[in-house]
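# Working through the structure, step by step
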Amino acid sequence: MGCPSRKITQQFLEIVSLMGKRFVQTEWPTLIPELAQYLNISQTQPHNLANSKLALEAIKKICKKYRYMFRSDLLYSEMNYMIEHLSGHLLANLIYAVT
């Protein structure tokens with residue numbers, strides 16, 4: 001059968017992704033910054049990999065819509081919004097993993 005907590009997690013991710021797929025920067029502007037906070041790595045606190053994994057899964061589901069969209073100013077502005085809020089956290093994680 002499967003772990004009930006995993007099924008609940010998948011349902012939660014699906015709900016968040018469905019809500020976040022609609023103009024995430026205008027209708028839910030705090031979603032991406034809040035998810036990005038789960039990607040922070042601190043030298044003083046232990047890093048919770050489960051939370052980071054869930055945040056990355058949610059971001060992946062939200063960004064999946066970009067694969068099928070046509071070029072437009074709205075698309076570029078939304079992609080810039082995502083890059084602006086995620087790039088610093090992802091680069092910090094990469095540098096932490098390499099060192």
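The paragraphs below set out a description of the structure included in this document. This is a predicted model, so every value here is computed, not measured. (Residues numbered from 1 in each chain as written. Predicted model: local features only at pLDDT ≥ 70, side-chain atom pairs only at ≥ 80, totals over all residues. Heavy atoms only, no water.)

As a further point, take the overall build of the chain. Check the secondary structure of the chain and you find five helices and zero strands. Sequence-ordered secondary structure for the chain, helices as α and strands as β, is α-α-α-α-α. In the chain, buried positions account for 26% of the 99 residues. Element-wise, carbon and sulfur atoms account for 63% of the exposed surface of the chain, whose accessible area totals about 7,300 Å². (Helix = DSSP H or I, 4+ residues; strand = E, 2+ residues; numbered from the N terminus. Buried < 20%, exposed > 50% of the residue type's maximum accessible area, 1.4 Å probe, protein only. Areas by Shrake-Rupley, 256 points an atom, 1.4 Å probe, with all protein chains shown as cover.)

To continue, consider the nonpolar core. Core analysis: the largest hydrophobic core is formed by 17 residues, its most contacted members being Val24, Leu31, Ile32, Leu35, Ile62, Met82 and Leu86. Counting only elements with at least two residues in this core, the list comes to helix 1 (4-20), helix 3 (31-37), helix 4 (49-63) and helix 5 (73-98). (Core = buried A, V, L, I, M, F, W, Y, C linked by side-chain atoms within 4.5 Å.)

Another point: the pattern of salt bridges. All told, the structure shown has three salt bridges when counted by the stated rule. Residues Glu57 and Arg6 are paired through a salt bridge, measuring 3.7 Å at the closest nitrogen-oxygen approach. Here Glu57 is found in helix 4, whereas its partner Arg6 is found in helix 1, with 51 residues between them in sequence. What makes Glu57 buried here is its relative accessible area of 17%. Overall, Arg6 belongs to the partly exposed group, its relative accessible area being 36%. (Salt bridge = Lys/Arg side-chain N within 4 Å of Asp/Glu carboxyl O.)

So, on to a nonpolar patch on the surface. On the surface, Tyr76, Met79 and Ile83 cluster together to form a nonpolar patch covering roughly 270 Å² of accessible area. Tracing the backbone through its elements, the reader meets Ile83 in helix 5. (Patch = residues over 30% accessible without salt bridge, like charges linked within 9 Å, V, L, I, M, F, W, Y side chains within 5 Å.)

With that settled, the discussion passes to helix 4. With 15 residues, helix 4 ought to run about 21 Å at 1.5 Å a step, and its terminal C-alpha atoms sit 21 Å apart, in line with that. Of the residues making up helix 4, those classed as buried are Ser52, Ala55, Glu57, Ala58, Ile59 and Ile62. (Expected span 1.5 Å × (residues − 1).)

Taken as a whole, the largest pocket spans an internal volume of roughly 220 Å³. Looking at the lining of the largest pocket, the elements that each hand over two or more residues are helix 1, helix 3 and helix 4. Ranked by residue count, the leading element in the lining of the largest pocket is helix 4, at four residues. Here the residues of the lining of the largest pocket sort into ten nonpolar, one polar and one charged. (1 Å grid on protein atoms, 1.4 Å probe; cavity = no way out; pocket = protein on both sides within 12 Å on 5 of 7 lines; lining within 4 Å. Points joined across faces, edges and corners; volume = space filled by probe spheres on them. Nonpolar A, V, L, I, M, F, W, Y, C, P; charged D, E, K, R; others polar.)

Here Ala58 shows up in helix 4. On the basis of relative accessibility, which here comes to 3%, the residue Ala58 falls in the buried class. As for Ala58 and Gly20, which are separated by 38 residues in sequence, their C-alpha atoms are 9.0 Å apart. Beyond its immediate chain neighbours, meaning those up to four positions away, Ala58 contacts Leu13, Val16 and Leu35. (Contact = heavy atoms within 4.5 Å.)

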